[in-house]
Amino acid sequence: MRSARVLEETARGMAAPLAHRGPDADGVWTDAEAGVGLGHRRLSIVDLSPAGAQPMVSACGRFAIAYNGEIYNASELRAELAELGVRLRGRSDTEALLEACAAWGVETAARRLTGMFAFALWDRAGRRLWLVRDRIGIKPLYYSASRERFSFASELTGLRAHPRFAAAIERDAVDAFLALDYIPAPYSIWRGVRKLEPGTVLRVEHDALGRVGIAPYWTLAEAARKGAADRFPGSVEEAADALERLLSDAVKRRMVSDVPLGAFLSGGIDSSTVVALMQRQSPRPVKTFTIGFSEGAFDEAPCARAVARHLGTEHREHYVTPDEIREHGPAIIGHHDEPFADPSLLPTRLLSRLARQDVTVALSGDGGDELFGGYGRHLSAERLSEHPALGSGPVARALFHRVVPSLPRSVRAALGRLPATNAPARGPLSAGDVKMLARGMHNPGKLHHALAHGRVSLSGRGIAGPRIAVDLVEGWMDRCEFLSPSERQQFIDASGYLPDDILTKVDRASMAVSLEVRVPVLDHRVVEFAFRLPPAMKTDAAETKRVLRGVLARHVPPSLFERPKHGFGAPVRSWLRGPLRDWAEDLMSRSTALRHGVIDPDAPGSGRQRLERAGSRRINFRRVALAAWCEANL
């Protein structure tokens, strides 16, 4: 048994590095007899009074909770609990969540939640700890288990603050990062530390800390399977009606806040749909925010401005300057608690900082691409999966596979216009599609691996790449074989790229400035509905996100959003050659990753070789991100 003082100091020390996630208050609770301590940092959103403070103990005194997130059906839970005779003391969703777990059990309560959440619940009577993460993976949760202790935190910096944390690099995770630009769940950069996967419940008993039990309460695969077995029977217009009703409710629930609220607006389909549905349900102009760039290819600020003007929002935009990137870029890149190389983390952080000047909560459109087929690779999967060229003889396939990917882009584009190439695709193949087709020639059944985000490649011998990345793609494919080609590609993106890249980026960038971002498109009811839609309602031979476009067109003229997809990118190459050049070159000259043994310099196919193949004449963002993380953490 550890003293209450030691437990309190440890919990408070682990919560301290997470102050940016909750600057409004902090709290600690201990069960000294069991050796348990819970720490919490509070970002006050709903019920700003002390009645919402955490950690919180249930009315019966049996359960204690530390929780990060928002429960959007808290009012319904409160009403049901009241019918059971449970009297709630305040208005916070924390209390509704806590008493729901006390009344119905953790797994049953988790299935009844609508929201984003990561929470820890200690059962004093049963002497067991529960960790639970939301279905999609919007909120993060890390843990470390050994026979001597069990610890957890929202970010790795919290775990590292434990006085007995042993920092040892997980080299396989580094290789996965070098292939994917992120480290996928359940792995982390530190040996012995894991991410709790989305939609799962972890249980650990007091007398067996090293043996954790993890079980899903919801899976994307099951949602996809049920959707495929119960397709939406109506027309595209009827599907748009149903989607608009779901999204409107999801947006309305996420507009509940006791602090100022706004939205990110890029002018694209996803964010514009969210803002349109917000404005329709708001009695006053919604506050919207966008980031612009002087580099025209990346600048969507004029599009966002036009949508904001049409909807009548109170709009703010900010153009990023080289001086800002020079001043803030290194700190932004180094802020992530494990290596992360999505270049859009820079504009996401700057956008969050802009919004935080006016609001504490912002809604975003993240998830629309993955659910409704918004990426070019979703179209490519449909066009290429049954292409006759994949059935060519072995010599032709081997020749095409070897020669075509190295051809100039203009030549590949010309090949895509040939009748023999474009006829089955119902239109010309792009230069990128021709390259993907060639990459898949040796292994037609593995074409999705070539299309997946990251660096998992195909050769005559099979799949090549880091073990973790290859195993993940293989596992995702095994769970979605019953879907159409475009849906399989969407499933792969929603299983890995969405939670471990997109949502991780948004969480870290927003919480770094104490801004809560809510994502109505990823309401689990919307996710389940998306998998019910027939594939052609999401993508066809020429168009992506058909039903979502139909919803937006009811509120915004198509002329304001019908344009080639840009994505939320950043002119990172010009930044690395300009305002960040000196910093980046200095980082790389110190060879930090090699010096600390983060990558193996001699292993065949090692991380070092992959980094060097990026080219010696230009600075690669992945190299810079890894070096920046090493400098900040080793």
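Everything quoted here is computed from the prediction, not taken from an experiment.

When helices and strands are tallied, the chain shows 29 helices and 18 strands. Here the C-alpha atoms of the chain give a radius of gyration of 25 Å, agreeing with the 26 Å that 2.2 N^0.38 yields for 634 residues. Principal-axis analysis of the C-alpha atoms places the extent of the chain at approximately 75 × 60 × 50 Å. Looking at the 634 residues of the chain, the share that counts as buried comes to 56%. Expressed as a percentage of contacts within the chain between residues at least 6 apart in sequence, the contacts between residues at least 24 apart total 71%.

To continue, consider the confidence of the model for the chain. With 91% of its residues at a pLDDT of at least 70, the chain reaches an overall mean of 89. Of the regions scoring below 50 in pLDDT, residues 604–619 engages in 27 contacts with residues more than four places distant in sequence or in other chains.

This structure, assessed with the given rule, holds 48 salt bridges. With a closest N to O distance of 3.2 Å, R254 and D523 form a salt bridge. Pair noted here: R254 is in the loop between α8 (236–253) and β12 (261–264) and D523 is in the loop between β18 (516–518) and α22 (524–532), with a separation of 269 residues, a long-range link. Note on accessibility: R254 and D523 belong to one class, buried.

Another aspect to go through is the sheet that holds strand β8 (residues 150–153). Here we have 3 strands laid out as an open sheet, ordered β8-β7-β9, and antiparallel in their pairing. Only two strands of the sheet have a single neighbouring strand rather than two, namely β8 and β9 (193–195). Going from strand to strand, the sheet's axes swing by 25° on average, the running direction of each strand aside.

Between helix α11 (residues 322–335) and helix α12 (residues 345–356), the shortest axis-to-axis distance is 10 Å and the interhelical angle comes to 105°. One finds that α11 runs roughly perpendicular with respect to α12. Every residue of α12 that contacts α11 at E324, I325, H328, G329, I332, I333 and H335 is listed here: L345, L346, R349, L350 and R353.

So, on to the nonpolar core. The biggest cluster of nonpolar side chains holds 155 residues, and the ones touching the most others in it are F119, L121, L243, F372, F491 and L522. Sorting elements by how many residues they give to this core places helix α21 (residues 485–511) first, with 9 residues. The contact partners of L243, leaving out residues within four places of it in the chain, are F372, V526, F529, V547, L548 and V551. Counting 17 residues, the second-largest nonpolar core is a separate cluster that includes A64, Y143, L196 and L202.

Cut-offs and rules
- Per chain, residues are indexed from 1 in the order of the written sequence.
- Reporting in this predicted model follows two pLDDT cut-offs: at least 70 for local features of residues, and 80 or more for side-chain atom pairs to be given and counted; totals over whole chains, interfaces and linings ignore these cut-offs and use all residues.
- Working from all heavy atoms in the structure, the side-chain values ignore hydrogens and water.
- Each helix is a run of DSSP H or I of at least 4 residues and each strand a run of E of at least 2, with the numbering of both proceeding from the N terminus.
- A radius of gyration in this sense is built from C-alpha atoms; the matching globule rule multiplies 2.2 Å by the number of residues raised to 0.38.
- Accessible area is worked out with a 1.4 Å probe on protein chains only. A residue is then buried under 20% of its type maximum, exposed over 50%, and partly exposed in between.
- Whether two residues are in contact is decided by their heavy atoms: any pair within 4.5 Å suffices.
- Here pLDDT means the predictor's own confidence in every residue, given as a number from 0 to 100.
- A side-chain nitrogen of Lys or Arg and a carboxyl oxygen of Asp or Glu constitute a salt bridge if their distance falls within 4 Å.
- Strands are treated as partners if at least two bridges between them are detected by DSSP.
- Between N-to-C directions, angles span 0 to 180 degrees; the directions come from axes that are lines fitted to C-alpha atoms, helices contributing only their stretch in contact.
- When an angle is under 35 degrees it counts as roughly parallel; over 145 it counts as roughly antiparallel; between 65 and 115 it counts as roughly perpendicular; any other value is oblique.
- Within this scheme, the nonpolar core is defined by two criteria: the residues are buried Ala, Val, Leu, Ile, Met, Phe, Trp, Tyr or Cys, and they are joined through side-chain atoms within 4.5 Å.

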